Amino acid sequence: QLLQRSLDKDNKTMAVNHLEKASIQLEKLNDLIVDLLDISKIESGKMKFNMQHFCADNMVNNAIEMMQQSNPNFTINKLGKTHELIFGDEMRLEQVVINFITNAIKYAPGTNQVNITINIKDGKLYLAVKDFGIGISSEQQKRIFEKFYRVEENSNRFNGLGIGLYICSEIINRHGGTIGVNSVPDEGSEFYFIIPTTEEAILKSQS
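Basis of the calculations
- Residues numbered from 1 in each chain as written.
- Predicted model: local features only at pLDDT ≥ 70, side-chain atom pairs only at ≥ 80, totals over all residues.
- Heavy atoms only, no water.
- Helix = DSSP H or I, 4+ residues; strand = E, 2+ residues; numbered from the N terminus.
- Buried < 20%, exposed > 50% of the residue type's maximum accessible area, 1.4 Å probe, protein only.
- Areas by Shrake-Rupley, 256 points an atom, 1.4 Å probe, with all protein chains shown as cover.
- Pairing = 2+ DSSP bridges.
- Axes fitted to C-alpha atoms, helices over the stretch in contact; angles between N-to-C directions.
- Contact = heavy atoms within 4.5 Å.
- Expected span 1.5 Å × (residues − 1).
- Polar contact = N/O pair within 3.5 Å; in protein donor to acceptor, adjacent residues only side chain to side chain.
- Parallel < 35°, antiparallel > 145°, perpendicular 65-115°, else oblique.
- Left-handed = near helix turned anticlockwise from the far one by under 90°.
- Phe/Tyr/Trp six-rings, centres within 6.5 Å; stacked < 30°, edge-to-face > 60°.
- Lys NZ or Arg CZ within 6 Å of the ring centre and 35° of its normal.
- Salt bridge = Lys/Arg side-chain N within 4 Å of Asp/Glu carboxyl O.

Q: Please set out the overall build of the protein residue by residue, giving values where relevant.
A: The helix and strand tally for the protein stands at seven helices and seven strands. Across the 207 residues that make up the protein, the buried fraction comes to 41%. Element-wise, carbon and sulfur atoms account for 51% of the exposed surface of the protein, whose accessible area totals about 12,100 Å².

Q: An account of the sheet that holds strand β2 (residues 75-79) is requested, with residue identities and associated values reported.
A: Across the sheet, which stays open at both edges, the five strands sit in the order β2-β4-β5-β7-β6 with mixed pairing between neighbours. The open sheet terminates on both sides in strands that have one partner only, identified here as β2 and β6 (178-184). Strand-to-strand, the axes of this sheet are offset by a mean angle of 15°, without reference to chain direction. Both β2 and strand β4 (residues 113-121) contribute to a ladder of five bridges, which runs parallel. Bridge pairing in β4 places L79 opposite T117. Sitting on the sheet, helix α3 (residues 56-70) touches β2, β4 and β5 (124-130), and the angle it makes with β2 is about 170°. Where helix α4 (residues 90-106) meets the sheet, its contacts fall on β2, β4, β5, β6 and β7 (188-196), and the angle it forms with β7 comes to roughly 170°.

Q: Account for α4, with residues named and values stated.
A: Look at α4: 24 Å from first C-alpha to last across 17 residues, which is about the 24 Å you get at 1.5 Å a residue. Among the 17 residues in α4, 12 count as buried, and that is most of the element. Where α4 is concerned, the buried positions are R92, L93, E94, V96, V97, I98, N99, F100, I101, N103, A104 and I105. Between the side-chain oxygen of the N-cap and the backbone nitrogen of M91 there are 3.1 Å, and the N-cap of α4 in question is D89.

Q: So, the packing of α3 against α4: which residues are in play, and what are the values?
A: One can describe the packing of α3 onto α4 by two numbers: an axis separation of 9 Å at closest approach and a directional angle of 40°. With respect to α4, the element α3 is oriented oblique. Relative to α4, α3 is oriented so that their crossing is right-handed. Here α3 contributes M59, N62, A63, M66 and M67 to the contact with α4, which in turn contributes E90, L93, E94, V97, I98, I101, T102 and I105.

Q: Outline the packing of aromatic side chains, listing residues and values.
A: The final tally for this structure, using the stated rule, is four aromatic pairs. Positioned above the aromatic ring of F49, the side-chain terminus of R92 is 5.9 Å from the ring centre.

Q: Hey, could you go over the pattern of salt bridges for me, with residue numbers and the actual values?
A: The tally for this structure, following the rule as stated, stands at three salt bridges. A salt bridge links E139 to K142; the nearest nitrogen and oxygen atoms lie 3.2 Å apart. For E139, a relative accessible area of 52% translates into the label exposed. Between R143 and E146 there is a salt bridge, with its nearest N and O atoms 3.1 Å apart.

Keep in mind that these numbers describe shape and distance, not what the molecule does.
So this is what it looks like as structure tokens:
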């Protein structure tokens, strides 16, 4: 309706402003719908995975590029390289990385840097996203990956339903890996996951 009024008044500047705001809200709505559909698939055991070999470095680079474009005021640093192909669902793992970066930016107001560390050791991929924001207490860290869990004191300051990290944990579990967080209040948080890099190791971890 606001856009229509702007066009009726032939106010192109106002129309562009309304379009930009609508686009942001539509993107948020789309993300919410995708997350809710993922939860439905998880609970019904129908979440599909396209497991194949892919370049872990390219996956992380794509996630960084996407997030950097939408957050130009943040510097997203990639530390380390793998130089290897790993076995897994590239799209789902990229989804985890994007969620980590999104949270790192959201819960670090007043900062402008996020560090992503990636390496392979002993046949396992290690990836961590570190921010320098508000941090999480040790008690809250125990529940942060639960479905619909949100830190109470932050619930009024930051939007969200508490489902993103739950979905991430399910994705990593399906890869036979572990997911976790290290954090100190007022000093920042580091979310990480560790997964096997070969099909044989993933199958073995799930048996």
